[in-house]
Amino acid sequence: MSDENFTETPDDYDYDISEAGIDELDTDDYEDSEDADVDDYEVDLSESGFPEITKRFETVPHTFFTDPSYYKTALSNEGDISKRVHALLQKYFTVTDPKDRSVFRPQLITAYWEMIRGVAKKAPGKLPEPKKFMLRYHLAHPNFLKTESKEFLAKLVTDNEYNVPVYYVDEWFKAVGTGKIRASTTDEAKTSRGNSRAKLKLLMDKAKGKYEGTKTLLRGKDVRRREMEGTLKELIGNLTEHNPMDGFEDVSASYNEAQRRAFNDVQETLRNLLKNNTELNHLVKEYRQANEDVNILRDKINNAGDDDILDLQSIDTEYMTIRQAVKMTVGRKGNHFPLLTSDYLHSGPNDIGFRENIISMLQRIESIDPEAFCRLYRNKKNRIVPYIVLVPSYGDSGICWEPFDKHNRATSRGRVFIPMYPKNLYIAVLSAVADLRWQVAKEKASYHWMEEGLTGHYYQWYVSQKLKGVVKDYFIQDYIFWMTKESEGIQKLDKEIRGIFWRHMPFAQEIKDKLRTRSYVYQELYQRDLNRAMSDGY
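Since the model is a prediction, treat every value here as computed from it, not as a measurement.

**Student:** Is there a simple way to think about helix α7 (residues 169-177) in this case?
**Tutor:** Three- or four-residue spacings in an α-helix give side chains the same orientation, since the helix completes a turn every 3.6 residues. Along α7, nine of the nine residues are buried, which leaves the element largely enclosed by surrounding structure. Residues Val169, Asp170, Glu171, Trp172, Phe173, Lys174, Ala175, Val176 and Gly177 constitute the buried set of α7. Glycine 179, located one to two residues past α7, shows a positive phi value of around 80°.

**Student:** Is there a simple way to think about the pattern of salt bridges in this case?
**Tutor:** It is possible for side chains bearing opposite charge to pair when their charged atoms get close. As enumerated under the stated definition, the model contains 29 salt bridges in all. Between aspartate 316 and lysine 121 there is a salt bridge whose closest N-O contact spans 3.8 Å. Of this pair, aspartate 316 sits in helix α11 (residues 312-330) while lysine 121 sits in helix α4 (residues 98-121); the two residues are 195 residues apart in sequence, bridging distant segments of the chain. Using a relative accessible area of 21% as the deciding quantity, one classes aspartate 316 as partly exposed. Note on lysine 121: relative accessible area 33%, which makes it partly exposed. A salt bridge links glutamate 402 to arginine 182; its shortest N-O distance comes to 2.3 Å. Placement of the pair is glutamate 402 in strand β7 (residues 399-402) and arginine 182 in the loop between α7 and α8 (188-194), with a sequence separation of 220 residues. You can call arginine 182 buried: its relative accessible area is 9%. Salt bridges sharing partners connect three or more residues here, namely Glu114, Arg117, Lys121 and Asp316.

Conventions we followed
Residues numbered from 1 in each chain as written. Predicted model: local features only at pLDDT ≥ 70, side-chain atom pairs only at ≥ 80, totals over all residues. Heavy atoms only, no water. Buried < 20%, exposed > 50% of the residue type's maximum accessible area, 1.4 Å probe, protein only. Helix = DSSP H or I, 4+ residues; strand = E, 2+ residues; numbered from the N terminus. Salt bridge = Lys/Arg side-chain N within 4 Å of Asp/Glu carboxyl O.

Distances and angles like these do not, on their own, reveal function.
This is how it looks when you write it as structure tokens:
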């Protein structure tokens, strides 16, 4: 929306910004958090899906948005920058000439973000609710919103009541600042040099990566051993079954041809069991050593000096990440105005990215694309949901910041950012999942990403079509078509792309079964699945 159409004034929203005088913005310091720890949602490889959302809204809405001191509390204790924001807000919302507003707009954006930087550093402490909501929703004044929007936000569940790593921005800053989650990879080296706790955290990430990877391999070896032992029991059982010998009812017949062949199978199974046992014992030693390293580093982190407990440098790094992520979700031509206002909020209730809404959409996506959050590590497929950060922006596209922690490829979570106020939330979430899928596949293929796997086959098609632009952007758009149209039997993709997606990003089996009856196109793809399965080439 252009500035010329932005016509909100104090009278429109029934408030007066001057109610909190500039000289009154600084009040007493608020308390540090009594509970600085947050749940960092350890990866549980046994989880097979998202929880059912049983509570989307509070029965009784909170009253913070009706508190007349909300605005004053939100801007208090932020120094001179809050006074500048206050002054710019007064000018921006009271001028009538669009040209004057276009002058104040970039100044307000810059000053507001600088103020948010200071608020973010306080996130590990016990933030007053207005500051928390300013971080979470970018709502500096409740009366920037119309009554129905305020009432809707006031009903949202404040705390994370589900064991899913979906964070609001205030929760994310708190997790990073208290060391529960490392800062994003933009400036990791600089952070580790400047803070001893951060150095220990980096070593912990590496040790934990080895620990988790070894644990995953151990479980795989144990499963494989049980499978082979089951096969061995079946083979031995067959060997001990004998019919009476002809003419000798009290004598069992000799081994038949099938039983004699089974001797070779028994010997091969025993050799494989012995090999598996040797590898398992070796992994046990590695696991115990890795576990010891993790425990030692954990103790060192817990015993770190008080000066390192709140890692302000990591928060500052993460602030830059969040701001960059907001820009990326909005795009060059989008609306980069940071404050939440009714004139810019075009999202309906179903398209506002609150936590429970996001979880429901992720569940919907996984029901169509069951491997959306799966990652292959040493031939074992693990379901690992990424960290999902809900950024308060008017963007329409979600993004993947990183597919996984480079120090722990086995079980670490990736990082995904989703805008809270898009025109179509489902499309925004789909674009984030598409970006995640592309980056995971690209990292898996490594130097051969233009030749092998999902990205390789897609890139070769892209080159053959002589397309211009960023190949990942084409992929994301095609993934959205794949999930919204092709899953319903509406053919929107190129035939070659449909075949690539069917092979590398298969629909849930029930969707495949439904599609095979819709068109010969899907019947042919379904038959290819059967042929590959029969030839063990799938």
